[in-house]
Amino acid sequence: MPRSRQSRIGRQPSQLRIKLIPPVTVVIASMITALPIITDYPILPPLGLLVILAWRLIRPGYWPVWAGFPLGLVDDIFSGQPFGSAVFLWSVVFILLEAIDRKAVSRDYWQDWLIASVAIIFVLIGGMLIVDFQSNILRLDLLLPQILLSILLYPFLARLIGAIDNWRVAS
Amino acid sequence: MAPPTNRRPGFSKRAQYSIFASYLLGISGAIIGLLLLLVSFIDPLGFSALRTIGAETMAPVSRTLSNIGGATGSAGGEISAYFNAASKNAALQREVEQNRIEILEARALRQENERLKRLLKLDEEVPDSIAMARLISSTASSSRRIATLGVGSSSGLEIGQPVRSPEGLVGRILETGPTTARVLLVSDGKNVTPVQRASDSLPAFATGRGDGTVDIQPINIGTNPFKGGDLLITSGSGGLYSPGIPVAVVIRKTETGAIGRVLANPAKVSHAIVQPIFQAETVRQIDRDAVIGAEEETDE
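A quick note: this is a predicted structure, and the numbers were derived from the prediction, not measured.

### A few points about the overall build of chain B
Alright, step 1. A tally of helices and strands in chain B yields five helices and 13 strands.
Alright, step 2. Classification of the 300 residues of chain B by burial places 34% in the buried group.
Alright, step 3. Intrachain contacts of chain B at a sequence separation of at least 6 include 59% that bridge at least 24 residues.

Shown next as structure tokens:
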């Protein structure tokens, strides 16, 4: 069934879609931890963080520097971390990424992955130390499976976000 | 990937100021995050309302999915159960025979126990359970170990009530919402459970380690009598947990105590039972004393 007889050339996608899709996907990814995935061990990759990193690296111009604050707030509601931990860590990541963007001329895919990996390691270790610095500093090996899983999952999520991004800007 | 658009400000003062302003906003976001963290350390339950709203909005989805899928953690176990099915069957049948004898013995013991309790007039009127529900989600990506239970204050749940499963102690209620409650699991780093060794009621404390194990420290420091396979049960001191709930089994000795594996693995627990606080009066008195103590401190 033809959707419309109008020419598709020059048609603009709705502004609402362009503006809202990235934060909405981040919030949905943050909410995944509320699904019945019950573990005895921190193993689920921080999906909200992975999605926001993928968006941030694919579309550097879209995100303001302060975007880590509101989306981190939403992530804190669901993650079970002390309130404010994602707000702080995501804000720091965004400030650093902004600084990197202003220095570098261009990046390739591997550099994106490297930057995302460093950010994931920073946020996961930072989150664990925020919970309890004294006893957790000795037990950081606990995070190793989660860090590896998150780094390996990042390229797949970046693909998915790329596809969503194509749909977002397509008319 | 296309190179990012040229964002260098050049000599335009206006562009430079707007970059400066955006950094300022980002940094103030980070500072607000630090302040929020500070508040949540001073008052850990301060933001519980927000978390409760989050849990309540997701509860219908989580509850439905957990009813369909059951516990996620058992998938691996179910697959591996197909291997060695025949030898396992034989072993299980032997075990069933033995269990039947032990059940008869236990029944006799229970009757005797009831008779003795009647003699001592020790018949406590503590109901066994307030509510029974599934664990519908957990903080699977955080290093805190908190799970969400599918019932809340509308079913009579209160903060502090112990949560157990047939396998053993799961944790205690941390925050309650109308139809959900957050359970601080035994293996969380901030959860300290008073326990005793089942064989000789040697008292100890079990502190969570965040990975399904607990750190067991005997109260008598200096001796380290634990050995692998020791069963630890709740001791009832503190008045929160009723005595005799299995907690953990010692898997390894350490320099000052032992490491134990928590018996009730929340990933495999199908149903959790919420029990009333063992000695609610004692717990309330302790809280009251703490408040009075704090007031006296501030007066001084």
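### Let's talk about the overall build of chain A
Alright, step 1. Regarding its fold elements, chain A presents seven helices and zero strands.
Alright, step 2. Secondary structure elements of chain A, listed N to C terminal, follow the sequence α-α-α-α-α-α-α.
Alright, step 3. Here the C-alpha coordinates of chain A stretch approximately 65 × 40 × 25 Å along the principal axes.
Alright, step 4. For chain A, with 171 residues in total, the buried portion stands at 45%.
Alright, step 5. Considering only intrachain contacts with a sequence separation of at least 6, the fraction spanning at least 24 residues in chain A is 71%.

### Here's the deal with the interface of chain A and chain B
How big an interface is tends to be stated in terms of the accessible area lost upon association of its parts.
Alright, step 1. Residue-level contacts link 54 residues of chain A with 53 residues of chain B.
Alright, step 2. Mapped onto the side of chain A that touches chain B, the elements with two or more residues apiece are α3 (68-79), α4 (85-103), α5 (109-131) and α6 (133-136) of chain A.
Alright, step 3. Here the side of chain A that touches chain B takes 10 residues from α4(A), the largest share from any one element.
Alright, step 4. The residue makeup of the side of chain A that touches chain B, split by class, is 32 nonpolar, 15 polar and seven charged.

### Points about the packing of helix α1 (residues 15-31) of chain A against helix α7 (residues 144-169) of chain A
All names here are of chain A.
Alright, step 1. The contact between α1 and α7 brings their axes to 9 Å, and the two run at 160 degrees. With respect to α7, the axis of α1 lies roughly antiparallel. Both α1 and α7 take part in a crossing whose hand is right-handed. Along its contact with α1, which presents Arg17, Ile18, Ile21 and Thr25, the element α7 presents Ile164, Arg168 and Val169.

### A closer look at the UniProt feature "transmembrane region" (unreviewed entry) in chain B
Alright, step 1. As annotated in UniProt, the feature "transmembrane region" (unreviewed entry) corresponds to residues 20-42 of chain B in the numbering used here.
Alright, step 2. The distance separating the terminal C-alpha atoms of residues 20-42 of chain B is 33 Å; by composition the span is 100% helix and 0% strand.

### Points about the nonpolar core
When a protein is soluble and globular, its nonpolar side chains tend to lie buried together.
Alright, step 1. Grouped together as the largest cluster of nonpolar side chains are 53 residues, with contacts concentrated most on B:Leu149, B:Val170, B:Val183 and B:Val247.
Alright, step 2. Setting aside chain neighbours within four positions, we find B:Val183 in contact with B:Ile146, B:Ala147, B:Leu149, B:Val163, B:Val170, B:Gly171, B:Arg172, B:Ile173 and B:Leu174.
Alright, step 3. Of all hydrophobic cores here, the second largest spans 45 residues; its members include A:Leu50, A:Leu71, A:Leu124 and A:Ala158.

### Section: the sheet that holds strand β7 (residues 192-197) of chain B
Alright, step 1. What the six strands build is a closed barrel, ordered β7-β8-β9-β12-β11-β10 (chain B); its pairing is antiparallel. Neighbour-to-neighbour, the strand axes of the sheet open up by a mean angle of 40 degrees, direction not taken into account.

### Section: the packing of α5(A) against α7(A)
Residues and elements named next belong to chain A.
Alright, step 1. The N-to-C vectors of α5 and α7 enclose an angle of 150 degrees; their axes lie 10 Å apart at closest approach. Crossing handedness for the pair α5 and α7: right-handed. For the pair α5 and α7, contact is made by Trp113, Ala116, Ser117, Ile120, Ile121 and Leu124 and by Gln146, Ile147, Ser150, Ile151, Tyr154 and Pro155, respectively.
Alright, step 2. Classifying every residue of the contact of α5 with α7 gives nine nonpolar, three polar and no charged.

### Re the UniProt feature "domain: Rod shape-determining protein MreC beta-barrel core" (unreviewed entry) in chain B
Alright, step 1. Mapped onto this numbering, the UniProt entry annotates "domain: Rod shape-determining protein MreC beta-barrel core" (unreviewed entry) at residues 136-259 of chain B.
Alright, step 2. In residues 136-259 of chain B, the share of helix is 0% and the share of strand is 46%. The end C-alpha atoms are 28 Å apart.

### A look at the sheet that holds strand β13 (residues 272-274) of chain B
Residues and elements named next belong to chain B.
Alright, step 1. The antiparallel open sheet is built from seven strands, whose spatial order is β1-β13-β4-β5-β6-β3-β2. Here the strands that pair on one side only, and so sit at the sheet edges, are β1 (131-133) and β2 (135-138). The sheet shows a mean angle of 35 degrees between the axes of neighbouring strands, direction not considered.
Alright, step 2. Inspection of the sheet shows β2 paired to strand β3 (residues 146-149) by three bridges, in the antiparallel sense. Counted as the bridge partner of leucine 135 is leucine 149 from β3.

### Observations regarding the pairing of strand β4 (residues 162-165) of chain B
Successive residues of a regular strand alternate their side chains across the two faces of the sheet.
Residues and elements named next belong to chain B.
Alright, step 1. Burial along β4 is two-sided: Pro162 and Arg164 facing one way and Val163 and Ser165 facing the other are all buried.
Alright, step 2. Inspection of the sheet shows β4 paired to strand β5 (residues 168-176) by four bridges, in the antiparallel sense. Across the sheet, the residue bridging to proline 162 is arginine 172, located in β5.
Alright, step 3. Connecting the antiparallel pair β4 and β5 is a turn made up of two residues.
Alright, step 4. With two bridges joining them, β4 and β13 adopt antiparallel strand pairing. Bridged to valine 163 within β13 is valine 274.

Here is what the cut-offs are and how they apply
- Sequence positions are assigned chain by chain, starting from 1 and proceeding in written order.
- Chains and ligands are labelled sequentially in the order written, the chains with letters from A and the ligands with numbers from 1.
- Confidence filtering applies because this is a predicted model: local features only for residues at pLDDT of at least 70, side-chain atom pairs given and counted only at 80 or more, and all residues used for totals across whole chains, interfaces and linings.
- A helix here means a DSSP run of H or I that spans at least four residues, while a strand means a run of E at least two residues long, and both kinds are numbered starting from the N terminus.
- Three exposure classes are used, based on other C-beta atoms lying within 10 Å of a residue's own C-beta, which is placed from the backbone: buried for 20 or more, exposed for 12 or fewer, and partly exposed in between.
- Residues are scored as being in contact if the C-beta atoms we place from backbone atoms lie within 7 Å.
- In this classification, the charged set is Asp, Glu, Lys and Arg, the nonpolar set is Ala, Val, Leu, Ile, Met, Phe, Trp, Tyr, Cys and Pro, and all remaining amino acids, among them Gly, are polar.
- Only the stretch in contact is used when fitting a helix axis, every axis being a line fitted to C-alpha atoms; angles between N-to-C directions are given from 0 to 180 degrees.
- Reported orientations rely on four angle classes, namely roughly parallel under 35 degrees, roughly antiparallel over 145, roughly perpendicular from 65 to 115, and oblique for the rest.
- Working rule for handedness: look at the near helix, and if it is turned counterclockwise from the far one by less than a right angle, call the crossing left-handed; if clockwise, right-handed.
- UniProt positions are given in the numbering used here, feature names are shortened, and annotations may be inferred rather than shown by experiment.
- Think of a nonpolar core as buried Ala, Val, Leu, Ile, Met, Phe, Trp, Tyr and Cys residues chained together by C-beta atoms that fall within 7 Å.
- Strands are labelled as partners when DSSP assigns at least two bridges between them.

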